[in-house]
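# Close look at the chain arrangement
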Amino acid sequence: MASTDKVLGKCLRQWKTDHVVTNGGRRRSGNQEHSPSSELYKRKEIDVKYNIFVSVESSFNYCNFTFGTNNLQKPVQQSIKVTNSIRAFNFTVVIRVPVKLGNKDIWVDLSSLQIADCQRDKDEEPVVTDIVAQTKEKKLVDCSVAKCRVFRCSRFMGRKESKTYTISANLSSAWIEQIGLPSAKFLLTSSASLEYDRDQYIFFSVATNNNPPVHKIETEVEVFPVPDFTKEIVGGSLGGLAFLALLTAGLYKAGFF
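First, a word on what this report is: a plain description of the structure on this page.

Basis of the calculations
- Residues numbered from 1 in each chain as written.
- Predicted model: local features only at pLDDT ≥ 70, side-chain atom pairs only at ≥ 80, totals over all residues.
- Heavy atoms only, no water.
- Patch = residues over 30% accessible without salt bridge, like charges linked within 9 Å, V, L, I, M, F, W, Y side chains within 5 Å.
- Areas by Shrake-Rupley, 256 points an atom, 1.4 Å probe, with all protein chains shown as cover.
- Salt bridge = Lys/Arg side-chain N within 4 Å of Asp/Glu carboxyl O.
- Helix = DSSP H or I, 4+ residues; strand = E, 2+ residues; numbered from the N terminus.
- Pairing = 2+ DSSP bridges.
- Axes fitted to C-alpha atoms, helices over the stretch in contact; angles between N-to-C directions.
- Buried < 20%, exposed > 50% of the residue type's maximum accessible area, 1.4 Å probe, protein only.
- Disulfide = S-S within 2.5 Å.

### Here's the deal with a nonpolar patch on the surface
Taken together, the side chains of F60, Y62 and F224 define a hydrophobic patch exposed on the protein surface, amounting to about 320 Å² of accessible area. Position of F60 relative to the elements: it lies in the loop between strand 5 (54-58) and strand 6 (61-66).

### Some details on the sheet that holds strand 7 (residues 73-84)
In spatial order, the strands read 5-7-13; together these three strands make up an open sheet with antiparallel pairing. Edge positions in the open sheet fall to strand 5 and strand 13 (162-172), since each of these has one partner strand only. Between one strand axis and the next, the sheet turns through 20° on average, direction left out of account. As defined by bridge partners, strand 5 adjoins strand 7 across five bridges and the pair is classed as antiparallel. Paired with V54 across the bridge in strand 7 is N84.

### Brief notes about unusual backbone geometry
For D117, which is not glycine, the phi dihedral falls at a positive 70°. Locating D117 in the fold gives a position in the loop between strand 9 (104-105) and strand 10 (119-120). Phi angles above zero are rare outside glycine, and K139 is one such case at about 55°.

### Points about the pairing of strand 6
Look at any regular strand and the pattern is simple: side chains alternate between the two faces of the sheet. Alternating residues of strand 6 divide into N61, C63 and F65, all buried, and Y62, N64 and T66, none buried. Pairing of strand 6 with strand 16 (residues 215-224), which is carried by six bridges, proceeds in the parallel orientation. The residue of strand 16 that forms the bridge with F65 is V223.

### Topic: the state of the cysteines
Applying the stated criterion across every chain yields a total of two disulfides. Covalently, C118 is tied to C153 through a disulfide, its sulfur atoms 2.0 Å apart. For the disulfide bridge between C118 and C153, the dihedral angle about the S-S bond is near 105°, and by the sign convention the bridge is right-handed. Of the two residues, C118 is situated in the loop between strand 9 and strand 10 and C153 in strand 12 (residues 147-157); the sequence distance between them amounts to 35 residues. Of the two residues, C118 and C153, neither departs from the other in class, the shared state being buried. There is a disulfide in this structure between C143 and C148, and the S-S distance comes to 2.0 Å. An S-S torsion of about -100° defines the bridge between C143 and C148 as left-handed. For C143, a relative accessible area of 22% corresponds to the partly exposed category. With its bonded cysteines labelled in order along the sequence, the chain shows the pairing 1-4, 2-3.

See below:
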């Protein structure tokens, strides 16, 4: 009797490892014998990634300088709060801080520029060569125009856990004069980004196409022109002389002279 190929049963089995789901299936029929080319069992592996979501917040800072004074310094503290929302995992926060614009240091003592619980990495050079024109146009001092110091902050963070990183140093006025704007507002912008095992995890965000956003840490630096009191002095002097002349004339008419 010719054999039939009617399927009488189907068996499925599933295994799950750390990153892979394996599906196995076996087909059975009423036939006692099978063709050597028959495929009785098939196995397929599917990669599994776990959702993660990490938020980054920072403080906004402000300071000001008078144009033409190269030896001034102002204390600046930038805080970056990192919060892990979904599950515990290992990741790295990469913080980039502008440290040199052209040949002028942005911070007073670069050796003191440290971030607790972070390791210093290799400095990165800017991609823009005409820094003066770019900075004048955009009023932005970031890693595109300035040399940046890179810090890597690696840690295991539990679910709902937060960690705050602090950039604290004295801001110098030396880099301002080369831009040539006696009155302006600049945004000194550091950045914080995330690195993690992308084979194991996927960032949960529709807005950024499942890519973690790069967070900006901003300090507004306002430059004021040197105060010029010449007009006030001249005007005050002329006003005083006019008042004195009127007073003298009045006294003369009154017979005091």
